Amino acid sequence: MRYLWAALGLISVGLGLLGVVLPLLPTVPFMLLAAFFFARSSERLHNWLITHPTFGPSIREWQERGAINPRGKRYATISIIAVFGVSMIVGVPVKVILIQAVTLSCVLLFIWTRPNN
């Protein structure tokens, strides 16, 4: 099982790194997932990730307090609005728009009710 957890952690890190350059792919959630997988598979990889100068602080704040950086909240909100706007512009069916509106509203509610780090 440790190999499976480690493989899932590496995939999550890869997706998180893609999120650094692709604006609508989130980075931090994938890094949080990678930390979860590495905690079950490799102490060395887990320590590397939580002490990483870029990703480590967000992971530690989430693990310790469930906190999200205010800048991250703003970027998430802008991305969500952009995705919803694009859906409206390209003429996605009304049923899908309604599902997106409810789902994305719940995501925004979750994000903005988390403490700031």
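Cut-offs applied
Along each chain, numbering runs from 1 in the same order as the chain's sequence is written. Under the rules for a predicted model, residues below a pLDDT of 70 receive no local features and side-chain atom pairs below 80 are neither given nor counted, while totals for whole chains, interfaces and linings still include all residues. Neither water nor hydrogens contribute to the side-chain values; these are computed over all heavy atoms in the structure. The secondary structure listing takes helices from DSSP runs of H or I that are at least 4 residues long and strands from runs of E that are at least 2 residues long, numbered from the N terminus. The buried label applies to any residue whose accessible area, calculated with a 1.4 Å probe on protein chains only, is under 20% of its type's maximum; exposed applies above 50%, and partly exposed to all values in between. Patch building starts from residues that exceed 30% relative accessible area and form no salt bridge, then joins like charges within 9 Å and nonpolar side chains (Val, Leu, Ile, Met, Phe, Trp, Tyr) within 5 Å. Using a 1.4 Å probe, the Shrake-Rupley method yields the accessible areas, and only the shown protein chains count as cover for residues. Salt bridge criterion: a side-chain nitrogen from Lys or Arg within 4 Å of a carboxyl oxygen from Asp or Glu. Only buried residues count toward a nonpolar core. Its members are Ala, Val, Leu, Ile, Met, Phe, Trp, Tyr and Cys residues joined through side-chain atoms within 4.5 Å. Contacts are assigned to residue pairs that have any heavy atoms within 4.5 Å of one another.

Peer 1: How would you sum up the overall build of the protein? Please name residues and give values.
Peer 2: Across its full length, the protein holds six helices and zero strands. Each helix and strand of the protein, ordered N terminal to C terminal, gives the series α-α-α-α-α-α. With respect to the principal axes defined by its C-alpha atoms, the protein has extents near 50 × 30 × 25 Å. Here the protein, with 117 residues, has 28% of them falling under the buried criterion.

Peer 1: Outline a nonpolar patch on the surface, supporting the account with residue identities and numerical values.
Peer 2: A surface patch of nonpolar side chains, about 620 Å² in accessible area, is lined by Ile-11, Leu-15, Leu-17, Leu-18, Val-20, Val-21 and Leu-22. By the secondary structure assignment, Leu-15 is in helix H1 (residues 2-21).

Peer 1: Give me the nonpolar core: which residues, what numbers.
Peer 2: The biggest cluster of nonpolar side chains holds 10 residues, and these are Val-13, Met-31, Ala-34, Ala-35, Phe-38, Leu-45, Leu-49, Ile-50, Phe-55 and Ile-59. Breaking this core down by element, the ones donating at least two residues are helix H2 (28-39) and helix H3 (43-50). Sorting elements by how many residues they give to this core places H2 first, with four residues. Beyond its immediate chain neighbours, meaning those up to four positions away, Phe-38 contacts Ala-6, Gly-9, Leu-10, Val-13, Glu-43, Leu-45, His-46 and Leu-49.

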